[in-house]
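# Tertiary structure, described
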Amino acid sequence: DAMVIQNPRYQVTQFGKPVTLSCSQTLNHNVMYWYQQKSSQAPKLLFHYYDKDFNNEADTPDNFQSRRPNTSFCFLDIRSPGLGDAAMYLCATSAQPGTGKASGGYEQYFGPGTRLTVT
Amino acid sequence: AQKITQTQPGMFVQEKEAVTLDCTYDTSDPSYGLFWYKQPSSGEMIFLIYQGSYDQQNATEGRYSLNFQKARKSANLVISASQLGDSAMYFCAMREGINFGNEKLTFGTGTRLTIIP
């Protein structure tokens, strides 16, 4: 049962051509995240939504935008991809803290990622 | 200063042996959570185990246990009876604070574990 779904799994775009990556979840979680992970590096948080409240990381380039039209879906838009934006993009979700789980509901559930290639 | 430090870029372990992956952290917040994730070559990050800063006992989940030493600020992952399928990248991560607005996870640089048959 897929819980966090990302489409497509592989995306090739041209330098400067806008691209949208999508994420959906069946967990009904309040919080959704977008991470960028470059080869052999740790994931880097770009932004996250707490319900409809958007939280941008200070060092996220303006080239990256996001939309969350409803609880289930979240999109990552890269307005003008550069070669340096080639990476794996991971979507994650988490529940509202204090759900009563042993982990306090804090763990994030990740999708399989979209590997973006920029040519 | 690094908030999460994983000093082992790579490890090779014989199948069926136990393995310890090191993680140290740095925070001044008394409330925090520590996580371990596994990332196979397919790319998906898989949640393994969680330890809260106020938890009195070390967390365990099946073959995974977390050796939490609060005074030393370490949260090492122990995998017992390793299997070939354990070969993957392992990330330690921390969330500082447990309140709304503190959802951010900070990841370490990871340890690549290879299980040798």
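Quick look at the structure, then. Computed from a prediction, not measured in an experiment: that's the story for all the values here. (Residues numbered from 1 in each chain as written. Chains lettered and ligands numbered in written order. Predicted model: local features only at pLDDT ≥ 70, side-chain atom pairs only at ≥ 80, totals over all residues. Heavy atoms only, no water.)

## Here's the deal with the overall build of chain B
The secondary structure content of chain B amounts to zero helices and twelve strands. Secondary structure elements in chain B, listed N-terminal to C-terminal, are β-β-β-β-β-β-β-β-β-β-β-β. For chain B, whose C-alpha radius of gyration is 14 Å, the value lies close to the compact-globule estimate of 13 Å for 117 residues. Taken along the three principal axes of its C-alpha coordinates, chain B extends 45 × 30 × 25 Å. For chain B, buried positions account for 47% of its 117 residues. For chain B, the share of sequence-separated contacts (at least 6 apart) that also reach a separation of at least 24 residues comes to 55%. Accessible surface, chain B as shown: approximately 5,600 Å² in total, 49% of it carbon and sulfur. (Helix = DSSP H or I, 4+ residues; strand = E, 2+ residues; numbered from the N terminus. Rg over C-alpha atoms; globule rule 2.2 N^0.38 Å. Buried < 20%, exposed > 50% of the residue type's maximum accessible area, 1.4 Å probe, protein only. Contact = heavy atoms within 4.5 Å. Areas by Shrake-Rupley, 256 points an atom, 1.4 Å probe, with all protein chains shown as cover.)

## Description of the pairing of strand E4 (residues 31-37) of chain A
Residues and elements named next belong to chain A. Burial analysis of E4 places seven of its seven residues in the buried class, which makes it a mostly covered element. Side chains Val 31, Tyr 33, Tyr 35 and Gln 37 project from E4 onto one buried face, and the interleaved Met 32, Trp 34 and Gln 36 project onto a second face that is buried too. Pairing analysis gives six bridges linking E4 to strand E5 (residues 44-50), with the strands arranged antiparallel. Among the inter-strand pairings, Tyr 33 is bridged to a residue of E5, identified as His 48. Counted along the chain from E4 to the antiparallel partner E5, the turn is six residues long, and its residue Ser 40 has a positive phi close to 65 degrees. Pairing of E4 with strand E9 (residues 87-94), which is carried by seven bridges, proceeds in the antiparallel orientation. Within the sheet, the bridge partner assigned to Val 31 lies in E9 and is Ser 94. (Pairing = 2+ DSSP bridges.)

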